[in-house]
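# Architecture at a glance
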Amino acid sequence: MTSTIEGKRALVTGAGRGVGQEIAVGLAGQGANLILAARSQDQLEETARRIHAAGGTADVIVADLGKSDGISEFLDQLTERFPTVDIVINNAATVAPLGTSAAVSSSEWSDALTLNVTAVARISFALLPGMLHSGWGRIVNVSSGIVEHPTGMIGGNAYVTSKAALEAHTVNLAAELLGTGITVNVYRPGSVDTAMQEWIRAQTPDAATADLHARFHRSFTDGTLITARQSASSLLSRLEDSTTGNIWTVTVPS
Ligand SMILES: NC(=O)c1ccc[n+]([C@@H]2O[C@H](COP(=O)([O-])OP(=O)(O)OC[C@H]3O[C@@H](n4cnc5c(N)ncnc54)[C@H](OP(=O)(O)O)[C@@H]3O)[C@@H](O)[C@H]2O)c1
C-alpha cells in the first residue's frame, strides 16, 4: 500500500532535538520532505544531517516562536519559500517558567503561552488556505497528559494552562474543518527522556515545585521514561489515520 505521507511537505517545529527530532527523521523515512524549525541552528542542522544521510530531504528555518515578531518572521520565510505545506507537527514548547506563581515573571509566563499556544494557532492558520485548496492536510499539536490532571504539576502554571488551551484549540479547529480533508489532532507523547525533562531536574526547587522536582528525579532514576524515538514512532503510526479531533496518547509496545 502506498503511504499517504510519501511526497508530502511536512513542517516540524522544535525539530532540533528530543521528540521533534525523532518525528522529523521518522516522517522523512516515510518519504515526506521536511521543514525543520527551532532557535538552535546547530541542532536543526544535525537533524537535517540525519535525514540527508538516510536519503531524505530537509530544509532548516531558524525561528524564535516564543515572540510575536519571531512568529511573523518565521511565517514570512515559510510562505515565501514553501507555497504549500501538507503536514504540520506543532511540537515546540517550553515548560518554563516553573515556580511559585506570585513570583513568576509575567513576561516569561506570557512568552510560554505565545510559544505553546499562539505560535501553534498562527502557524496552522497560515497553512490552512493551501491545505483547503488541495483538500488534504494533517495538523498534529503535541500536548501533554498533564491536561488530564492539572493538579499534577503544581508550580508549572504556564505549562498546564497552555497545554489545556492547546487541546481546546485543537478540538475546536477539528470540528470547524470537518469534511475538508484536513484533520487536526492532539498527541500526548508520554514521559520522555529529553532535554525538557533534564532541564526540570536541573532547577532548584522552591516551595511550589518541591514535589514536582522530586517526582521528575524519581521517574528518571526509576528508568520509567521512554525514549524520544519510541514516542515519535507511536505518533507516526497514527498519521495515516483520517479521523479528526482526537486526543492521541502515546502507546509503547511491551
Ligand atoms: N519530554 C516529556 O516528558 C514531555 C512530556 C509531555 C509533553 N511533552 C511535549 O513534547 C514536546 C517536545 O518536548 P521535548 O521533551 O522533546 O522538548 P525539548 O527536548 O526541550 O525540545 C523542544 C524543542 O522545541 C524548540 N523550542 C523551544 N523553544 C522554542 C522557541 N522559542 N522557538 C522555537 N523553537 C523552540 C527547541 O529548540 P530551541 O531551544 O533550539 O529553540 C527544541 O527543538 C513539547 O510540546 C512538550 O511539551 C514532552
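Scroll up a little and you will see the structure.
A brief report on the enclosed structure follows. (Residues numbered from 1 in each chain as written. Predicted model: local features only at pLDDT ≥ 70, side-chain atom pairs only at ≥ 80, totals over all residues. Heavy atoms only, no water.)

### Considering the overall build of the protein
To keep things clear, this is the line we draw: Helix and strand assignments follow DSSP, with helices taken as H or I runs no shorter than four residues and strands as E runs no shorter than two, numbered in order from the N terminus. A simple rule labels every residue: compare its accessible area, found with a 1.4 Å probe on the protein chains alone, to the largest value its type can have, and call it buried under 20%, exposed over 50%, or partly exposed in between. Any pair of residues with heavy atoms lying within 4.5 Å of one another is described as a contacting pair. Surface exposure here means Shrake-Rupley accessible area, sampled with a 1.4 Å probe, where a residue is shielded only by the protein chains that are shown. Lys and Arg are tallied as positive, Asp and Glu as negative. Neither His nor the chain termini are counted. Every charge is mapped onto a representative atom, which is NZ of Lys, CZ of Arg, CG of Asp or CD of Glu.
Each helix and strand counted, the protein has eight helices and seven strands in total. The principal-axis extent of the C-alpha atoms belonging to the protein is close to 50 × 35 × 35 Å. Residues counted as buried form 48% of the 254 residues belonging to the protein. Long-range pairs, those at least 24 residues apart, make up 71% of the contacts in the protein with a sequence separation of at least 6. Accessible surface, the protein as shown: approximately 11600 Å² in total, 52% of it carbon and sulfur. Here the protein contributes 17 positively and 24 negatively charged side chains, and the mean placements of these two sets differ by 4 Å.

### Observations concerning the pairing of strand β1 (residues 9–13)
Formally: Strands pair, by our definition, only if DSSP identifies at least two bridges between them. With strands facing away from the observer, any crossover in which the path from the first strand over the helix to the second runs clockwise is taken as right-handed.
Counting buried residues in β1 gives four out of five residues, a clear majority hidden from the surface. Note: β1 against strand β2 (residues 33–38), five bridges, orientation parallel. Counterpart to L11 in the pairing with β2 is I35. Remark: the β1/helix α1 (residues 18–29)/β2 crossover connection has right-handed handedness. Pairing of β1 with strand β4 (residues 87–90), which is carried by three bridges, proceeds in the parallel orientation.

### Regarding the pattern of salt bridges
We apply this condition: A pair is scored as a salt bridge if a Lys or Arg side-chain nitrogen falls within 4 Å of a carboxyl oxygen belonging to Asp or Glu.
Evaluation of the coordinates by the stated rule reveals seven salt bridges. Salt-bridge contacts for D111 lead to K67; the nearest nitrogen and oxygen are separated by 2.6 Å. Placement of the pair is D111 in helix α4 (residues 106–134) and K67 in the loop between β3 (57–62) and α3 (68–81), with a sequence separation of 44 residues. In this structure D111 comes out as partly exposed when scored by relative accessible area, which is 26%.

### Quick notes on the site of the ligand
How we decide: We call a residue near a molecule or strand whenever a single non-hydrogen atom of that residue lies within 4 Å of it. Polar contact is defined as a pair of N or O atoms within 3.5 Å, subject to the rule that within protein one atom must be able to donate a hydrogen and the other to accept it, and that residues adjacent in sequence are counted only when both atoms are side-chain atoms. When residues are sorted by character, Ala, Val, Leu, Ile, Met, Phe, Trp, Tyr, Cys and Pro go into the nonpolar class, Asp, Glu, Lys and Arg into the charged class, and all the rest, Gly among them, into the polar class.
The full set close to the ligand counts 30 residues, and R39, S40, N91, Y159 and T194 are the nearest of them. Within the contact set of the ligand, an oxygen atom lies 3.3 Å away from a side-chain nitrogen or oxygen of R17. Protein chains shield 95% of the accessible area of the ligand, which is 880 Å² for the free molecule. For the shell around the ligand, the secondary structure elements donating two or more residues are α1, α5 (157–176) and α6 (195–202). No other element matches the three residues that α6 contributes to the shell around the ligand. Classifying every residue of the shell around the ligand gives 14 nonpolar, twelve polar and four charged.

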